[in-house]
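Each chain is listed here by its residues.
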Amino acid sequence: MSDLRIDWLRAFVAAVDAGSLSAATRVVHRSQAAVSMQLKKLELAVGEPLLLRDARRLELTAQGRRLLPHARRVLAAHHEAQAAVLEPGLSGQVCFGIPEDYAIAYLQRLLGAFSAGYPAVELTLVCAQSTALIPQVQAGGVDVAIITQDRPGRGRLLFHEPLVWVASRGTEVWREDPLPLAIYEKGAVVRALTESALAAAARQYRLAYHSPSLVGQIVAAQSGLAVAVLARCAVPESLQVLDSRHGLPPLPSVPVAMIASPQQGRGAESQALQAQILAQLSTVG
């Protein structure tokens, strides 16, 4: 097998994450013909097809599924190495956004690694839901953010986070009909997925509480007021996870992505933070 070049792997991952060759062009900043050629060269080097393509979508082959996590790790390590070599004494400021859900599980690891590698960079942290972070990044108020991906191709996919039903351990609130629900604000990806799952299962529900606050969702569930839907990484010990045994429909995982400001995203501090995020989180989940 020939060497697997970085640009081939980058085109492969971009095509998978974006869902199409045309969408991948916006990620790698190459023409669709160039992306297609890079994928063909990668498949020739591997000796097997990696993607099945039709007019509407891409699908990974078995070999593609085996290669994908390794390609992500190679790209993350390459990005991190570039940042470390090119900017060893980096100083400056960078603003980083992350929802509370993911901050609980992943922020300590990420900040520890970044501060160790770039002690002179001043990091400003903004904790907000993805619906608030996306426009802030687009406007340049936040340099880099981790978000729940609201559409294919938005940012660089990092991992998929499972969603779970939760309720107080001391109640059986899930037996109520209609189901009392604590839910995020309108427009939130998790809210849309929750309501779709309930509609598909013909399960009646009522809104007992809605807010953009993760703490509010947790407190509403802990109090026995309602059932909530949380990212699995954010579930506290005080809550029990519910499933089909409790009469609740299955929930999907949500895609978690990294986005960068078009204005500030190319700065050295931002690039270093992006490299650290890829190195720390691109193989989670």
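Residues numbered from 1 in each chain as written. Predicted model: local features only at pLDDT ≥ 70, side-chain atom pairs only at ≥ 80, totals over all residues. Heavy atoms only, no water.

**Topic: the packing of helix α1 (residues 6-18) against helix α3 (residues 32-46)**
Item 1. Relative orientation of the contacting elements α1 and α3 amounts to 110°, with a least axis distance of 8 Å. The angle between the axes of α1 and α3 places the two elements in the roughly perpendicular class. Of the two elements, α1 crosses α3, and the hand of that crossing is left-handed. Together, D7, W8, L9, A11, F12 and A15 of α1 and V35, Q38, L39, K41, L42 and A45 of α3 make up the contact between the two elements.
Item 2. Considered class by class, the residues forming the contact of α1 with α3 number nine nonpolar, one polar and two charged. (Axes fitted to C-alpha atoms, helices over the stretch in contact; angles between N-to-C directions. Helix = DSSP H or I, 4+ residues; strand = E, 2+ residues; numbered from the N terminus. Parallel < 35°, antiparallel > 145°, perpendicular 65-115°, else oblique. Left-handed = near helix turned anticlockwise from the far one by under 90°. Contact = heavy atoms within 4.5 Å. Nonpolar A, V, L, I, M, F, W, Y, C, P; charged D, E, K, R; others polar.)

**Points about the nonpolar core**
Item 1. Membership of the largest hydrophobic core comes to 57 residues, with the highest contact counts inside it found for F96, Y102, I146, L158, W165, V227 and I277.
Item 2. When residues of this core are assigned to their parent elements, the largest contribution, seven residues, is made by strand β6 (residues 156-168).
Item 3. Of all hydrophobic cores here, the second largest spans 25 residues; its members include L9, L50, L51 and A71. (Core = buried A, V, L, I, M, F, W, Y, C linked by side-chain atoms within 4.5 Å. Buried < 20%, exposed > 50% of the residue type's maximum accessible area, 1.4 Å probe, protein only.)

**Considering the side chain of Q63**
Item 1. Mapped onto the secondary structure, Q63 falls in helix α4 (residues 62-86).
Item 2. What makes Q63 buried here is its relative accessible area of 17%.
Item 3. Once you skip the residues sitting within four places of it in the chain, Q63 turns out to touch V46, E48, P49 and L50.

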